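# Observations on the model geometry
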Amino acid sequence: MSGCYNPSITNPMKNLLSLSLACSLLLSPKSISADADPMANSKKVSAVESLYADVSDASSILGAIDSGLLTTYRGKDRAAWEQFYREKRAKLARELERLPSSGLSGEDTRAIAAMRKQMKAFTGGGALFSPAAKCQDAARKDTPYPDLKSALVACFVEIGNSLNFEGGKINRVSALDLLHETSDPSRRKAVFFAFVPLWQAINGNNEPDSPYRRMIAGASAQAAKNGSDIDNAARDIGIDAAEVERWLVQILDTWRESSGDTMVEPWDFRFEAGQADRLLGTYIPRESLQPINQRYYRDLGADLEQMGTLYDLSFRPEKAALAYTEFVTHGRMVNGAWSPTVARVTAPYERGGLFVLNELVHENGHVVNITAIRNRPAFVDWPSDLFAEAFADVPSWSTYEPLWQRRYIGHEAPEQLSLRALYSVVVLDVAWSLFELRMFRAPLTDPNALWTEITSRYLHIVPHPELSWWAVRVQLADLPGYMVNYGLGAVLTAEMRQHILEALGASDTGNPRWYGWVSERLLRYGSERDTRTLMQDFLGRPASPQALLEQIHRLQPVSLHGNGDRSTNSSRPSTFLSPDCPAGPSQLSSQRPQSSWHGYLLWDLPILQ
């Protein structure tokens, strides 16, 4: 009865009478509403949550069928699943409204809010990143904002999946890979300009009412009302948008200082940074991608085959123009036992190579993320976009470490070349993040001029404001502002990798404790815990860009000679660390402890053609 005590009553008898009366009224069966019984209410929420899990699964199963991966699932075809989804969703909407608004535990209250929010995002099928809209609709000046976004995504499917090159067709992913690997300058430039029809579909001739410029104006207006992915990412890391911009600029400045001062053409940027891709590409044919990926994750304690993960990695013209990972079914308790999540990976891979392998390992970082969730149905969902993209790169960045390459490919590229290949991709994402942040802030800005300003200042790329060569990422059209989850996400990736190394030991060549350890500390919560709290608890401090800056500082400043060779600014004699040589300097460089990698100075490395 201590909760009934009122210290304002001082007379002992009056106190006793008042206490008895108050508590009898509070505890009288007639005064207790059925909705005030926490246990009864929790059972009601649990019943609705079970229904929610059915609807969530039906929606994701329909998405898997519509992607072309499946025709049936668990003995039901699409029509049966659609009927199931519609009936269950209608019932779920009714039951959610009937839940009490009081007498709930804090966890139940959060679970109800999560279910209501996610219900709005259920699609009931449809192929992700492959809308029913037509690219030609983007040119219409009266196309409303949501339809304009869909039309621009359609351009990536219709045009990006069918780029003209040397009398044949290649898709966007293959073209980007060729920019890393094509040694002939004229062929490389031809690959770059194969994107022109896509750029024009997205941004016309860069006129003020081009499709993209109309779309980003709509996105900025929406963000002013509801916030943007940039605002979400800032909140998730515990800073404001202005600090996000400062961090992005700091990262780009660090690259600018560490990457030399020679200007390169935009069609040469990926090539100049991608020598590791060329050295190792022949050892990674397309058919080796999945076996390498699965072996690596097994060594980390995550058996992708045993998890039942489904893969759709072949190219089809109508397929989504990028790689992505999604749920097929969501983990839940069934008859007292955990029924695990089943995930799927979709990608349009025509080629192998290190660049593509890195992307596949990234996608499977998403797989191990969502399959590790162990929570009530309301929270068996993606964590924040920022955390999801950042964590997926925790294992994928290892593909650019020589130790990893030697174990899983049988050959290695010199450390400096590998790091340059990795962080050139990272800083491109950072550049796109800064680009979108500034376009959101000032949507009337000329996007070509802004992109030219960013890439020439920080990436040493020759200005070409006449070209919309920024328009090669699907996310720019489908999810305006989403690129920050890659650019800013790199900050969390570096933080997590550093902390895992310090706490668990090296994992670049596998560590059977890795999956269980990160699952317990980071992944099991799903969408229940906010990213800021999760990272604060994991690191024991707020996140900062320092770990990423230290990684980029592992690079040595380089310059391009007149013959196109790249060398570091050092007076040391040059030494080539051959990926075919099992001993010598290559072996010595790979055997040093990982903890000594920060600031390690490597001998000068000439470029190979």
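Provided above is the structure to which this section pertains.
The notes below deal with the structure included here. Here the structure is a predicted model, which is why all the values come from computation and not from measurement.

It is worth spelling out the overall build of the protein at this point. Broken down by element type, the protein carries 27 helices and eleven strands. In the protein, which comprises 609 residues, the share counted as buried stands at 56%. Long-range pairs, those at least 24 residues apart, make up 75% of the contacts in the protein between residues at least 6 apart in sequence. Approximately 25200 Å² of the protein is accessible, and the part contributed by carbon and sulfur atoms is 53%.

What follows concerns helix 8 (residues 196-203). When helix 8 is considered as a whole, its buried residues turn out to be Leu198, Trp199, Ala201, Ile202 and Asn203. One face of helix 8 carries all of its buried residues, which in axial projection span an arc of 165 degrees. Note on helix 8: the residue one or two positions beyond its end, glycine 204, has a positive phi of about 50 degrees.

The next subject is the environment of leucine 310. Examined against the element boundaries, leucine 310 turns out to sit in strand 5 (residues 310-314). Separated by 34 residues in sequence, leucine 310 and arginine 344 place their C-alpha atoms 4.5 Å apart. In contact with leucine 310, other than residues within four places in its own chain, are Leu69, Leu70, Val328, Val342, Ala343, Arg344 and Val345.

On to unusual backbone geometry. Positioned with a positive phi, arginine 74 is a non-glycine residue whose angle comes to about 55 degrees. Along the polypeptide, arginine 74 turns up in the loop between strand 1 (72-73) and strand 2 (76-77). Note on arginine 74: relative accessible area 56%, which makes it exposed. Look at glutamate 166: it is not a glycine, yet its phi comes out positive at around 50 degrees. Tracing the backbone through its elements, the reader meets glutamate 166 in the loop between strand 3 (163-165) and strand 4 (168-170).

Residues Leu459 and Met496 are the most contacted members of the largest nonpolar core, which totals 153 residues. When residues in this core are grouped by element, the largest group, 16 residues, is from helix 19 (residues 415-441). Apart from residues lying up to four places away in sequence, methionine 496 is in contact with Phe387, Ala390, Phe391, Val394, Leu522, Met535 and Phe538. Val45, Tyr52, Leu70 and Trp81 belong to the second-largest nonpolar core, a separate cluster that totals 27 residues.

Moving on, we come to the pattern of salt bridges. Taken as a whole, this structure holds 32 salt bridges when the rule is applied. Where arginine 376 meets glutamate 107, a salt bridge forms, and the shortest distance between an N and an O atom there is 3.3 Å. Linking arginine 376 in the loop between helix 16 (354-371) and helix 17 (385-396) with glutamate 107 in helix 4 (residues 106-121), this pair joins segments that are 269 residues apart in sequence. By relative accessible area, which is 17% here, arginine 376 ends up buried. Close ionic contact of arginine 541 with glutamate 495 constitutes a salt bridge, the shortest N to O distance being 2.7 Å. Remark: glutamate 495 occurs in helix 23 (residues 489-504) and arginine 541 occurs in the loop between helix 25 (531-539) and helix 26 (546-552); sequence separation between them is 46 residues. Exposure remark for arginine 541: the relative accessible area of 31% places this residue in the partly exposed category. By sharing partners, the salt bridges in this structure join Glu49, Glu107, Asp108 and Arg376 into a single network.

Moving on: helix 16. Across its 18 residues, helix 16 extends 25 Å between first and last C-alpha, which sits within 8% of the 26 Å expected from 1.5 Å per residue. Extensive coverage of helix 16 is indicated by the burial of 17 of its 18 residues.

Before going further, it helps to examine the state of the cysteines. With the rule as written, the count across this model stands at one disulfide. A sulfur-sulfur distance of 2.0 Å marks the disulfide that ties cysteine 135 to cysteine 155. Because the sign of the S-S torsion sets the handedness, a value of about 90 degrees for the bond joining cysteine 135 and cysteine 155 places this disulfide among the right-handed ones. On the criterion of sequence distance, the pair formed by cysteine 135 in the loop between helix 4 and helix 5 (145-158) and cysteine 155 in helix 5 is long-range, its members being 20 residues apart. The two residues cysteine 135 and cysteine 155 agree in class, both being buried.

Basis of the calculations
Residues numbered from 1 in each chain as written. Predicted model: local features only at pLDDT ≥ 70, side-chain atom pairs only at ≥ 80, totals over all residues. Heavy atoms only, no water. Helix = DSSP H or I, 4+ residues; strand = E, 2+ residues; numbered from the N terminus. Buried < 20%, exposed > 50% of the residue type's maximum accessible area, 1.4 Å probe, protein only. Contact = heavy atoms within 4.5 Å. Areas by Shrake-Rupley, 256 points an atom, 1.4 Å probe, with all protein chains shown as cover. Arc of directions from axis to C-beta. Core = buried A, V, L, I, M, F, W, Y, C linked by side-chain atoms within 4.5 Å. Salt bridge = Lys/Arg side-chain N within 4 Å of Asp/Glu carboxyl O. Expected span 1.5 Å × (residues − 1). Disulfide = S-S within 2.5 Å.

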